[in-house]
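# Commentary on secondary and tertiary structure
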Amino acid sequence: MHDATIERAAGALREADRIAALTGAGMSAESGIPTFRGAGGLWRQFRPEELATPEAFARDPSVVWDWYRWRRRLIAQAEPNDGHRVLARFETRFPEFTLVTQNVDGLHRRAGSAAIIELHGNIWRARCTVERRRVVDQAGDPPAPEASDPPRCACGALLRPDVVWFGEMLDPVDVARATAALRRCAVLLVVGTSALVFPAAGFPLIAAEAGALVVEINTEETALTARADVVLRGPAAGVLPALERAL
Ligand code: OAD
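All of these numbers come straight from a predicted model, not from anything done at the bench.

Broken down by element type, the protein chain carries ten helices and nine strands. For 247 residues, the compact-globule estimate of 2.2 N^0.38 gives 18 Å, and the C-alpha radius of gyration of the protein chain, at 18 Å, lies within 12% of that figure. In terms of its C-alpha atoms, the protein chain occupies a principal-axis envelope of roughly 55 × 30 × 30 Å. Counting every position in the protein chain, which comprises 247 residues, the buried fraction comes to 52%. Residue pairs in contact within the protein chain that sit at least 24 positions apart in sequence constitute 68% of those at least 6 positions apart.

Structure (structure tokens):
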């Protein structure tokens, strides 16, 4: 990572009132949470159609719940990293800062971010498959021992993880809020995402078309790299603190 490159991103941030960030699994990699597609990624080890689709849940809710409980345990042992903490500080530093995440781990909140658009839901929440009522577990706490397997709502219906699965729509309110912020921002930081899963993968292009400077922070080249204005190659927990220091 070149000083000149980081200076270009820092210079744009210094000038900007409105900033947005879009984060993905790489954001939490240095907290010890596996990504989906890289080396050691979850989708190298598991088949998404068996674990992260409505059909998989209809077929075998216990298998799906076991997988989510296992991920909850991994996340419960993890701590937010310095990258999460920088983005939490950016929320108070800039007049307008919108954090949009694809991550379901809740680490942004634990790092101190308050206003977060969680596009793909939150692994610490469950919701009733009939009443759609949400059941919240304390983020970061070890999962409570469920009375039944698979867990059920007080109404008797199955509870499901409150996350977005393949083939499901994102909450249109979240998408509208995220899109509005992307159209308004002067700088968009895109951190730790392969930019392969839509609609989030299209968000940087919305910002770019509206005139934002798109800064990619990632350890590797991605589907977005060629379209990014500034590419900061390196781990989120190192690059974001370096960017903050350069402000
Ligand atoms: P991916 O696993 O597809 O991509 C992770 C990205 O993080 C890759 O581009 C890596 O190069 C990068 N990366 C790895 N370590 C990093 C680090 N320390 N610092 C910075 N970057 C790093 O994860 P996502 O793009 O988040 O969806 O995946 C998008 C969605 O696909 C997820 O939200 C999930 C998944 O299926 C649902 O669960 C609905």
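It is worth spelling out the side chain of Glu244 at this point. Checked against the element boundaries, Glu244 lands in helix α10 (residues 236-245). Assessed through its relative accessible area of 17%, Glu244 is described here as buried. Among the polar contacts listed, one links the side chain of Glu244 to the side chain of Arg89, at a separation of 2.8 Å. The contact partners of Glu244, leaving out residues within four places of it in the chain, are Val86, Arg89, Phe90 and Arg93.

Glancing now at the layout of surface pockets. Space inside the second largest pocket adds up to approximately 360 Å³. Taken together, 20 residues form the lining of the second largest pocket, with Arg127, Arg134, Asp162, Val164 and Asp171 sitting closest to its centre. At the level of elements, β3 (116-118), β4 (121-128), β6 (159-163) and α8 (172-184) are the ones that each hand at least two residues to the lining of the second largest pocket. In the lining of the second largest pocket, the residues fall into seven nonpolar, two polar and eleven charged.

The next thing to look at is the packing of helix α6 (residues 82-93) against α10. Two elements in contact, α6 and α10, have axes separated by 7 Å at closest approach and are oriented at 35 degrees. α10 is crossed by α6, and the crossing has left-handed handedness. Contact residues: α6 offers Asp82, Gly83, Val86, Leu87, Arg89, Phe90 and Arg93, while α10 offers Ala236, Ala237, Leu240, Pro241 and Glu244.

Confidence in the prediction of the protein chain, expressed as mean pLDDT, is 93, and 94% of residues score 70 or more. Contacts of residues 138-143 to residues separated by more than four positions or lying in other chains number 13 contacts, the stretch itself having pLDDT below 50.

Let us look at the nonpolar core. Grouped together as the largest cluster of nonpolar side chains are 28 residues, with contacts concentrated most on Leu87, Leu189, Val215, Leu240 and Leu243. Those elements that place two or more of their residues in this core are α1 (3-15), β1 (18-23), α6, β2 (96-101), β7 (187-191), β8 (213-218), β9 (230-233) and α10. For this core, the element with the most residues is α10, which contributes five residues.

Of note, the amide linkage connecting Phe198 to Pro199 takes the cis form, showing an omega dihedral of 5 degrees. Mapped onto the fold, Pro199 is located in the loop between β7 and α9 (203-209). Despite not being glycine, Ala195 has its phi angle at roughly 55 degrees, a positive value.

Judged by pairing direction, the sheet is parallel, and its six strands sit side by side in the order β3-β2-β1-β7-β8-β9 without closing on themselves. Pairing within the sheet leaves two strands with one partner each, and these edge strands are β3 and β9. Strand-to-strand twist across the sheet, computed as the mean angle between neighbouring axes with direction ignored, equals 15 degrees. Against the sheet, α1 touches β1, β7, β8 and β9, its axis set at about 125 degrees to β9.

The rules we used
- Residues numbered from 1 in each chain as written.
- Predicted model: local features only at pLDDT ≥ 70, side-chain atom pairs only at ≥ 80, totals over all residues.
- Heavy atoms only, no water.
- Helix = DSSP H or I, 4+ residues; strand = E, 2+ residues; numbered from the N terminus.
- Rg over C-alpha atoms; globule rule 2.2 N^0.38 Å.
- Buried < 20%, exposed > 50% of the residue type's maximum accessible area, 1.4 Å probe, protein only.
- Contact = heavy atoms within 4.5 Å.
- Polar contact = N/O pair within 3.5 Å; in protein donor to acceptor, adjacent residues only side chain to side chain.
- 1 Å grid on protein atoms, 1.4 Å probe; cavity = no way out; pocket = protein on both sides within 12 Å on 5 of 7 lines; lining within 4 Å.
- Points joined across faces, edges and corners; volume = space filled by probe spheres on them.
- Nonpolar A, V, L, I, M, F, W, Y, C, P; charged D, E, K, R; others polar.
- Axes fitted to C-alpha atoms, helices over the stretch in contact; angles between N-to-C directions.
- Left-handed = near helix turned anticlockwise from the far one by under 90°.
- pLDDT = per-residue confidence, 0-100.
- Core = buried A, V, L, I, M, F, W, Y, C linked by side-chain atoms within 4.5 Å.
- Pairing = 2+ DSSP bridges.

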